[in-house]
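So you can see what is in the structure, the chains are spelled out below.
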Amino acid sequence: MDPLRNPFAPGAGTPPPELSGRAALLQRAAMALGRVQNGKAEKGLVLVGLRGVGKTVLLNEIRRHADRLGLHTCLVEAHEAKSLPALLIPHLRRALLALDRMDAISTQVKRALRVLKSFMTGVRAKIGEVEITLDIDSEIGAADSGDLEADLPELMVAIGRAAAARNTALALFIDEIQYFSPNELSALIMAMHRTAQDGLPIILFAAGLPQLIGLFGNAKSYAERLFDFPAIGALDEHDAAAALTKPAAAEAVYFEASALGYIYEQSRGYPFFLQEWGYHVWNTAAVSPITLGDTKAATEIAMRRLDEGFFRVRFDRLTPREKKYLWAMAALGAGPHRSGDVAKRLAKKSSDFGPLRDGLIGKGMIYAPAHGDIAFTVPLFDQFMHRIMPHEVT
Ligand SMILES: Nc1ncnc2c1ncn2[C@@H]1O[C@H](COP(=O)(O)OP(=O)(O)OP(=O)(O)O)[C@@H](O)[C@H]1O
Ligand SMILES: [Mg+2]
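Residues numbered from 1 in each chain as written. Chains lettered and ligands numbered in written order. Predicted model: local features only at pLDDT ≥ 70, side-chain atom pairs only at ≥ 80, totals over all residues. Heavy atoms only, no water.

Attention now moves to the overall build of the protein. Regarding its fold elements, the protein presents 17 helices and eight strands. Relative to the globule expectation of 21 Å for 394 residues, the C-alpha radius of gyration of the protein, 23 Å, shows essentially globular dimensions. The principal-axis extent of the C-alpha atoms belonging to the protein is close to 70 × 55 × 35 Å. Relative to its 394 residues, the protein shows a buried fraction of 49%. Put simply, 75% of the contacts in the protein that link residues at least 6 apart link residues at least 24 apart. With the model as given, the accessible surface of the protein reaches about 17,400 Å², and the carbon-plus-sulfur share is 52%. Side chains of the protein give 45 positive and 44 negative charges; the mean places of these two sets differ by 3 Å. (Helix = DSSP H or I, 4+ residues; strand = E, 2+ residues; numbered from the N terminus. Rg over C-alpha atoms; globule rule 2.2 N^0.38 Å. Buried < 20%, exposed > 50% of the residue type's maximum accessible area, 1.4 Å probe, protein only. Contact = heavy atoms within 4.5 Å. Areas by Shrake-Rupley, 256 points an atom, 1.4 Å probe, with all protein chains shown as cover. Lys, Arg positive; Asp, Glu negative; His and termini not counted. Charge placed at Lys NZ, Arg CZ, Asp CG, Glu CD.)

Here it is, written out as structure tokens:
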């Protein structure tokens, strides 16, 4: 069918043509935003899920809703190479300058800008990577100790007061939050704890891989009372079908039931895979309705594309030892597995692989669903390993 009309959108953070199966979560987020805007206390939401389940898409959608409600929003994406202050400062600066432009002069907003300036001095002394300038005097002695766990809460309180003085709220969005260092995560949680205690209108929405639950707990035991951690996963068969049929129907294209069943079986309902299959089956089929035969032909293309892209880019970042370890995991099946069993397969003790496992968790390849267990963060990665074996891992 005409590729120009193909509605499907495999990608990273690409809005799907139909955001299927997430209505309850979006409603919950909308309620939280509405309450914070009304000056009510509300827990932040930390979306937890594997690669490609649609966390970024959800964060973006919630942010759009916050913007529509008239809240001030900042969205940052954490990554391995940049510190939390360096990521956050430009966004907080922009939000404060926007607050500063509203209505009459506000002493709270001016103060928050000065505190931000001194915060920048404190962290610049420490990490030397903050380039932004701010044309205001700093608030000497506020948030400038260079100790992030002391300074970030102080800064966020000043910003919360500024937002409250403007009768508005700030919604902070952080994607890939598992990449923050323990110290940064701890400072962030402490900052949200302080603003919650003071009843200030700041709310955090974050997303990341499953290991973040443990990271939050280790950073601060009260984290679980400040945030909810909704699990974002694969879609059930009904929602997976809707993700395919609704966008197609808008173009007067239909699926035979057997075709839908086959795609569900292959994709296991994972959103990214659904988009990938939808995209290729659309281009493969000559006419509507899309048949089982079309779907089987498209599956070959979709798999090849995934192997060359989605799976391959992750595999290529691994060292030979890491590849071998993941192969041992894949050889045991989809998982989760006991890390002792993986070690046994490699004729070693579990403790021999401690640093290697930590490295793989740091790279976002695996996580520990329970103590002593490990699993892939990339859905169906075990099958990919089987397809490329034995020639690539020896
Ligand atoms: N609810 C949904 N229904 C249908 N498709 C979806 C849904 N959510 C996301 N998608 C599609 O899935 C793909 C992956 O989405 P997204 O990038 O948000 O995932 P992610 O969880 O952030 O992945 P990662 O952990 O790799 O960052 C995109 O192509 C998106 O269009
Ligand atoms: Mg994402």
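Let us now look at the packing of aromatic side chains. One pass over the full model with this rule turns up 16 aromatic pairs. Judged by centre distance (4.5 Å) and plane angle (25 degrees), the rings of F272 and F310 are stacked. With F272 in helix α11 (residues 271-284) and F310 in helix α13 (residues 310-315), this pair connects stretches of sequence that are 38 residues apart. Pair check on accessibility: F272 and F310 agree, each one buried. Taking the centre distance of 5.5 Å and the plane angle of 45 degrees together, the rings of F376 and F381 count as tilted. Judged by relative accessible area, which is 0%, F381 ranks as buried. The cationic tip of R314 hangs over the ring face of F310; the distance from NZ or CZ to the ring centre is 4.6 Å. (Phe/Tyr/Trp six-rings, centres within 6.5 Å; stacked < 30°, edge-to-face > 60°. Lys NZ or Arg CZ within 6 Å of the ring centre and 35° of its normal.)

Here the focus is the domain arrangement of the protein. Along its sequence, the protein is carved into domain 1 (23-228), domain 2 (239-308) and domain 3 (319-388). The C-alpha-based centres of domain 2 and domain 3 are spaced at 30 Å. Between domain 2 and domain 3, the residue contacts involve six residues of the former and five residues of the latter. Across the domain 2/domain 3 interface, buried area totals approximately 550 Å², and carbon plus sulfur atoms make up 61% of it. Here domain 2 and domain 3 share one salt bridge between them. Note that D307 is salt-bridged to R387, the shortest N-O span being 2.7 Å. (Domains from an automatic or database assignment. Buried area = accessible area lost by both parts, 1.4 Å probe. Salt bridge = Lys/Arg side-chain N within 4 Å of Asp/Glu carboxyl O.)

The next thing to look at is the nonpolar core. Grouped together as the largest cluster of nonpolar side chains are 71 residues, with contacts concentrated most on F205, F255, F273, F311, Y325, L326 and F381. No other element matches α11, which puts six residues into this core. Excluding residues within four positions of it along the chain, F205 makes contact with A29, A32, L33, L45, L59, I62, L172, F173 and I174. L84, L88, L155 and I177 belong to the second largest nonpolar core, which has 54 residues in total. (Core = buried A, V, L, I, M, F, W, Y, C linked by side-chain atoms within 4.5 Å.)

This paragraph deals with the site of ligand 1. As a matter of local geometry, ligand 1 sits amid 27 residues, with A9, G13, T14, K55 and T56 nearest to it. Within the contact set of ligand 1, a nitrogen atom lies 2.9 Å away from a backbone nitrogen or oxygen of S20. Here an oxygen atom of ligand 1 and a backbone polar atom of V57 are 2.9 Å apart. Relative to its unbound accessible surface of 640 Å², ligand 1 loses 96% to contact with the protein. Within the residue set of the shell around ligand 1, elements represented by two or more residues are α2 (55-69) and α11. Considering only residue class, the shell around ligand 1 consists of 13 nonpolar, eight polar and six charged. (Near = heavy atom within 4 Å. Polar contact = N/O pair within 3.5 Å; in protein donor to acceptor, adjacent residues only side chain to side chain. Nonpolar A, V, L, I, M, F, W, Y, C, P; charged D, E, K, R; others polar.)

As a further point, take the sheet that holds strand β5 (residues 227-228). Strand order in the open sheet formed by five strands is β2-β3-β4-β1-β5, and the pairing between neighbours is parallel. One side of each edge strand has no neighbouring strand; the edge strands of this open sheet are β2 (72-77) and β5. In this sheet, β5 lies alongside strand β1 (residues 44-48) in parallel orientation, the contact comprising two bridges. Bridge pairing in β5 links L45 to D228. In this fold helix α1 (residues 23-37) packs onto β1, β3 (170-175), β4 (202-208) and β5, with an angle of close to 155 degrees to the strand it touches most, β4. Lying on the sheet, α2 is in contact with β1, β2, β3 and β4; it crosses β3 at an angle near 165 degrees. (Pairing = 2+ DSSP bridges. Axes fitted to C-alpha atoms, helices over the stretch in contact; angles between N-to-C directions.)

Now for unusual backbone geometry. A cis amide bond, omega 0 degrees, links S288 with the succeeding residue P289. Mapping P289 onto the fold places it in the loop between α11 and α12 (292-308). Positive phi outside glycine occurs at E176, with the angle close to 55 degrees. Within the fold, E176 resides in the loop between β3 and α6 (182-197). Unusually for a residue other than glycine, A252 sits at a positive phi of about 60 degrees. Structurally, A252 can be placed in the loop between α9 (237-249) and α10 (257-267).

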